[in-house]
Structures are given as structure tokens and as C-alpha cells.
Amino acid sequence: MLRRMLLGAILVGGLLAGFLHGAETATMRMILKSGDVQTRSIPLREMAENHHRLVIAPKEILPETQTLEVYADFATARKGEEGYWISPRGVYGKFHQDNGEWRSPPMIPIYGMKTPRRTFLAHMTGMELECSIGVRAKDGNYTLFQQFPLGTMYFPPYEDIVVDFYTLIGDDANYSGMGRLYRKIQLDCGAVRPIRKRIASGESPWLEYLCDAMTVRIHHASKPYRKERVDYTPETELPVRAVLPFEQAKEVIRQLKERGVDKMAICTAGWQSGGYDGRCPQSFPVEPVAGGEEKLKEYIAYAQSLGFQIDAHSNYTDTYTVFSQWSPDIVCRRKDGSLATNGVWCGGNAYNLCPRNAWETFFSSEMEKIGKLGFRGAHYIDVFSATYPYACCHPDHPCNRAEAAEYQRKMLQKAKSVFQGVASECGWDHVAGELDYINYVSRHMLTLENRPQPMVDGVVPLWEIVYHGIILANTDKLLQNKLDARKALRLVEFGGRPIFYSPNDQEAIAAAYEAFKPLRYLQKEFMESHEILAEGVARITYGDGSEILCNASENDFSWKGRTVKPLSYELYKPEGK
């Protein structure tokens, strides 16, 4: 609540200029359960020069609304116009379709649009965890909107829908300006702190090491994975199999050290009872097939003796019926009282673990117990930063998504107090202030490569302009493990940190580490801008004055007296660097 008050009070200066003419309005479109549609025009409140706010109180929404859409009346474009729409992750599209639609969850609570009439950033500060961001083309008319699935939400609207619209001009009238503005908002309200300040304060003693290291996930034990939804029992669960027992893992990491990988952040997966995602959220006893508790302690100490940072992978979002403390009462309930599930993983049918219940019962003592194994660095909790927080309608521990996000933050803060750092999976904003690193920002690049979308033209580093220099991250599922030249260049373009999900290809790990070394000093810097200079050619600038020219085209490109070869980059350091 305090964070929301601070966000609402900020007057952003320096990045904004110019003025808006006339009264600004937004449209609220209510699609009723009957199929009827009602629309209302809502005046925007003028907060400051170039800053207008949309506020919709819950009482203004008809109770029979199934789906709610809201959009500023200037969030429109016509086919053929110059400009683009852009979604929270940086997925963008130009205006070239007659008809179509694309929607995405709000990984970070911003979106924007550039047209011949206006460039704006929209910042959501109310009900943002309940919506998706959408763009729709109908007969060549584009609309950028938020959509709320009120009919399937666990709770009726529980807070005002609030969206701040900022108009950007001049050098800020682009997606780089949008990212810089939201970063400023986050820094000014204290929601996040730069890596450099966290290092200087000593609050994250492993963070400087993590900036120079690459992450390697080492998997020790697992059950077979089957797709069918099964509620296993201790008698019917699938057998746990060794993948890389702790004793053998010692030799693997020693070999990596000999290959020159002198800084590595090891994410220890499949160490817990049942192996990887086998009996979540159960951790103990440490899986015997992997070697048991004493061998795990020896392995941790050995990794630390080699100079590596080593931490544990854990999961407190899913739970299985083979969890030793399984009860339907720990599971999130839907509004009809049924148990909420997500996917099917190694433990079988995965139920949504209620974050409030986990926090109020076993979580803190579990962190303390895992801490006694010796892990230190950035304890990894899966999924927290990869999706909407799980809401719960259980009468004994209800929580809406905003409240669930607060419980997740508390859980990460507890883990950080024990392990001196904390990490998670993706780039969702609601836990950004707690994280040292994430495995990858999103899987949008991978998804779009496999299933191109007519409305989408690509992905640009909007997230990175906001959070590079604040959260360490690999860029996308597409850019993990061993990369070809084109993907490796894409990782450089987005300022990404290499990551491997297996230690098996040691040659590739060592090569990726060497390729990372010349650029790793930039992990502490803000990414200030990204600009497409020509087809396949991008220029990226950083806060210290460093500049990178990435050439993904088939031709040489000349820049600042150098020839940048195809599928390569040039780093331009400022004088004295």
C-alpha cells in the first residue's frame, strides 16, 4: 500500500516536456455475461504537465460484467501510419494489419505507443496483476488496451483501476524513453535499488561476484516426467533416478574450474526429497539417490573451496499429493471452492500452493533449515517472478493477487536474510525489488520464433532499459545454453548474462564464459538506449558511456571508424575505461 501511495505522489520531471491540448478521455468497455456491451467515457485527471491519470473505482463497474476493457482514447492508430505499439516485455508491432489481435500478461506494469500524433507511456498502479495488455486491429484501426477477465477472477475488483499516462517528446519519444521513465519512477519511489548501491551498502555480499559469474544449473536427481494428470501417492509415485550425484558433481565442477571458469554461480537442482519438482514443496530428507545430506554438505563446501557461489533451487508455488504434509487445505481454492491446479510436472498433478498459507506456516523454518546445509549466495525460488501471483479463496487463508504478491515478497526477503541473496525465474515486476538475478526475462523470443504472430514485428529491450543494472538476467529461453553466432549476438544486444541448464558441455560453457568476460563490467550499468540503425543493426548505449554496435545483417557496417562484420559486434568504451 505504501508503494502505491509513493507511486501516486511522484511528479516525474526532466524526461517530460510539451503539453496536452483539451480534455483527455478514456473508454471503459464492459462486455456483460449476457453478451451485451456497454461503454462509458471517462475523463482523465490532469496530474501535472504531460501526466494524466485514469481512475475507475469498483463501484463504477457493472456487477454483471464478464470482461472489462479500458483504453485511453488517444491509444489508437491507423494502418500505414508511422510508429508502433509496445507491450511490457518489449514485444512490439508496427501498424500494417487490417485485422488481428495480440495479448500478453503485464510482466512489468507499463505499455506504450508511438504515433504521428503522440508518444506515450502507460503505467498501471491498480489491479495491474489482474489484467492483460492487448492490441487489436479492426478494419485497419488499431487500439491498445487493458483487459480484465472479471468473470473468472477469484475476487471482485478489490481496488481502483489506476493508469497513469505520460506523454514523451524529443529524444524521449521512443521505447528507450519509456523504459528510462519507468526506471526513474521505480528508483524514485524506492521500489528497486541499483546493483552498484546494493554492492556498496553490503546488503548483497555476493552480488558483485554474481555480476562477473555465469549461472550453471546442475541437476542431481529426478523422477520421470509424464504428461497425464495423476495424483500420485507414496505407493504409486514414480521412482527417483540419479542424474548427477553430489560426489560425481565435484569432479564436474573441478573440471570446469580447470577449463578457466573461475567464477560460476551454481544453482543446485534436484537435491531435495523426490528430486527435481518431485514432492514440492518438500525439501527434506535430502534425496538419498543424489547422495543424501552429508554428501550434499560436502559438495557445497567443495564448490565454495573452488571459489564458486552455490545455492539451492526450490519451489514454493507448486505442491503435489506426495508432499509429506499434503492436505487440500494448503492449496489455493478457486471461487467455487475447487482446488486450483497449473501444469503436470515430475510430481504429477501440480496444485497451486497458497503463498499466504505457506508464509504463515512452514516457510520461514524451512529457509532456516536449508540455510544450515551451507548454501550462500542467491537462493533460487522457482516461478515467483514468472507469472501472476496465485490468488486463493480458501476461507482460512484468502488472498487476492495483490496480497499474494506481498506474501511472495516477504518470502523472498526471508530467504535473502538467510542466504544473503535471492533469485527467481523471470522478469515479473511485483518482486523486482527483492531479486539479485533471474534465470531469464521471458520466453517471448522462443515463442515468436516457433509461432510468428502477424501483429508482432519483434522484441526490443524495453525490460532491460528498465532493469539492466538492477537485476541480473539472461534474456530469453531462446538464448540459453550453447548458442549459435546469431543467438549469441542477440544475447549481447540485450545485455544478457549467459546461463546453462546442464554442466555436460564443458567446452561450450568455457567458451561462453570467455565471450562474457569483455562485457561483464556492463552488468552494473544502466542500459540507456537501444536504437535500430538499419535492418539487422542495433546500437546500444550504457550509463557509463559504453556503446555496442551489433550487426546481425549480411553486410559490413561502418560505425565510428570501425567496420563491424556480419554476425558480430564492436564495443566502444569511453576514454579511460
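Structure: above.
The rules behind each value
Residues numbered from 1 in each chain as written. Predicted model: local features only at pLDDT ≥ 70, side-chain atom pairs only at ≥ 80, totals over all residues. Heavy atoms only, no water. Pairing = 2+ DSSP bridges. Helix = DSSP H or I, 4+ residues; strand = E, 2+ residues; numbered from the N terminus. Contact = heavy atoms within 4.5 Å. Axes fitted to C-alpha atoms, helices over the stretch in contact; angles between N-to-C directions. Parallel < 35°, antiparallel > 145°, perpendicular 65-115°, else oblique. Nonpolar A, V, L, I, M, F, W, Y, C, P; charged D, E, K, R; others polar. Buried < 20%, exposed > 50% of the residue type's maximum accessible area, 1.4 Å probe, protein only. Polar contact = N/O pair within 3.5 Å; in protein donor to acceptor, adjacent residues only side chain to side chain. Expected span 1.5 Å × (residues − 1). Phe/Tyr/Trp six-rings, centres within 6.5 Å; stacked < 30°, edge-to-face > 60°. Lys NZ or Arg CZ within 6 Å of the ring centre and 35° of its normal. Salt bridge = Lys/Arg side-chain N within 4 Å of Asp/Glu carboxyl O. Core = buried A, V, L, I, M, F, W, Y, C linked by side-chain atoms within 4.5 Å.

Undergrad: Would you explain the sheet that holds strand S7 (residues 84–86) in this entry?
TA: Strand pairs in the sheet, formed through backbone hydrogen bonds, run parallel or antiparallel to each other. Across the sheet, which stays open at both edges, the eight strands sit in the order S3-S4-S14-S11-S10-S7-S8-S26 with antiparallel pairing between neighbours. Each of the sheet's edge strands pairs with one partner strand only, and the pair in question is strand S3 (45–48) and strand S26 (458–459). Across six bridges, the pairing between strand S4 (residues 51–56) and strand S14 (residues 161–168) is antiparallel. Paired with His51 across the two strands is Tyr166, which belongs to S14. Packing against the sheet, helix H2 (residues 175–188) makes contact with S7, strand S10 (110–114), strand S11 (119–126) and S14, and its axis sits at approximately 30° to S11.

Undergrad: Help me understand the packing of helix H5 (residues 246–258) against helix H6 (residues 292–305) in this model?
TA: Helices that pack against each other are described as a pair by the angle of their axes relative to one another and the distance between those axes. Axis separation between H5 and H6 bottoms out at 9 Å; the angle between their running directions is 10°. Judged by the angle between their axes, H5 and H6 are roughly parallel. Residues Phe246, Glu247, Ala249, Lys250, Ile253 and Arg254 of H5 form the contact with H6, whose own contacting residues are Gly292, Lys295, Leu296, Glu298, Tyr299, Tyr302 and Ala303. For the contact of H5 with H6, the residue count by class is seven nonpolar, one polar and five charged.

Undergrad: What should I look at first to understand the pairing of strand S1 (residues 25–32) in this one?
TA: Side-chain positions along a regular strand alternate between the two faces of the sheet. Pairing of S1 with strand S2 (residues 37–43) involves seven bridges; the strand directions are antiparallel. Bridge pairing links Ala26 to Ile42 in S2. Hairpin geometry of S1 and S2 is characterised by an intervening segment of four residues between the two adjacent antiparallel strands and by a positive phi of about 100° at Gly35. Of the strand pairs in this sheet, S1 and strand S5 (residues 65–72) are connected by seven bridges, and their pairing is antiparallel. Paired with Arg29 across the strands is Glu69, a residue of S5.

Undergrad: What should I look at first to understand the side chain of Arg183 in this one?
TA: In this structure, Arg183 sits in helix H2. For Arg183, a relative accessible area of 6% corresponds to the buried category. Among the polar contacts listed, one links the side chain of Arg183 to the backbone oxygen of Ile465, at a separation of 2.9 Å. Non-local contacts of Arg183, meaning those with residues more than four positions away in its chain, are made with Ile465, Val466, Ile470, Phe526, Met527 and Glu528.

Undergrad: Mind showing me how you'd approach the side chain of His430 here?
TA: Here His430 lies in the loop between strand S24 (422–424) and strand S25 (437–438). A polar contact of 3.2 Å, which involves the side chain of His430, links it to the backbone oxygen of Phe384.

Undergrad: Honestly, the sheet that holds S25 in this entry has me stumped. Any pointers?
TA: Strands sit in the order S27-S25-S24-S23-S19-S18-S15-S28 across an open sheet of eight strands; the sheet is parallel. Since the sheet does not close on itself, it has two edges, and those belong to strand S27 (472–473) and strand S28 (499–500), each with one partner. Two elements, strand S19 (residues 309–314) and strand S23 (residues 379–381), share two bridges in a ladder whose sense is parallel. Bridged to Ser314 within S23 is Ile381. Sheet strands touched by helix H13 (residues 506–516): strand S15 (214–219) and S28. Its angle to S15, the strand with the most contacts, is close to 160°.

Undergrad: Help me understand H2, please; the structure alone is not making it clear to me.
TA: End to end, H2 covers 20 Å across 14 residues, agreeing with the expected 20 Å (1.5 Å per residue, within 8%). Among the residues making up H2, those that are buried are Tyr175, Ser176, Gly177, Met178, Gly179, Arg180, Leu181, Tyr182, Arg183, Ile185 and Gln186. In this structure Asn174 caps H2, since a side-chain oxygen of it lies 3.1 Å from the backbone nitrogen of Ser176. The positive-phi residue at the C-terminal boundary of H2 is Gly190, with phi of around 80°.

Undergrad: Explain the packing of aromatic side chains to me, please; I cannot follow it from the model alone.
TA: The way to describe two aromatic rings as a pair is by their centre distance and the angle between their planes. As enumerated under the stated definition, the model contains 19 aromatic pairs in all. Their ring planes at 20° and their centres at 6.1 Å tell us that Phe246 and Tyr299 sit as a pair that is stacked. In this pair, Phe246 is assigned in helix H5 and Tyr299 in helix H6, connecting sequence segments 53 residues apart. Of the two residues examined, Phe246 and Tyr299, each falls in the buried class. Judged by centre distance (5.1 Å) and plane angle (50°), the ring pair of Trp326 and Tyr351 falls under tilted. Remark: Tyr351 occurs in strand S22 (residues 348–352) and Trp326 occurs in the loop between strand S20 (318–319) and strand S21 (341–345); sequence separation between them is 25 residues. Between Arg562 and the ring centre of Tyr572, over which it is positioned, the NZ or CZ distance is 4.2 Å.

Undergrad: I would appreciate a short explanation of H5 in the present structure.
TA: Between its first and last C-alpha, H5 extends 19 Å over 13 residues, near the 18 Å set by a 1.5 Å rise per residue. Within H5, the full set of buried residues consists of Phe246, Ala249, Lys250, Val252, Ile253 and Leu256. Lining the buried residues of H5 we find S15, strand S18 (264–269), H6 and H13. Residue Gly260 follows H5 closely and has a positive phi angle near 105°.

Undergrad: Where do I start with the pattern of salt bridges in this structure?
TA: Where charged atoms of side chains with opposite charge meet at close range, the side chains can pair. Per the counting criterion, the structure on display carries 40 salt bridges. Close ionic contact of Arg117 with Glu81 constitutes a salt bridge, the shortest N to O distance being 2.7 Å. Residue Arg117 is located in the loop between S10 and S11, and its partner Glu81 is located in the loop between strand S6 (76–78) and S7; the two are separated by 36 residues in the primary sequence. Taken together, the shared-partner salt bridges connect Arg29, Glu69, Glu101, Arg103 and Arg136 into one network.

Undergrad: What's the story with the nonpolar core in this structure? I'm lost.
TA: Looking at soluble globular proteins, one finds that nonpolar side chains tend to be buried together. Tyr316, Ile370 and Tyr467 are the most contacted members of the largest nonpolar core, which has 87 residues in total. The dominant element in this core, judged by the number of residues it contributes, is helix H9 (residues 401–419), at six residues. Look past the residues within four positions of Tyr316 in its chain and what remains in contact with it is Pro281, Ser283, Leu353, Phe362, Phe363, Glu366, Met367, Ile370, Ile381, Phe384 and Met411. Leu32, Met113, Phe165 and Leu491 belong to the second largest nonpolar core, which has 47 residues in total.

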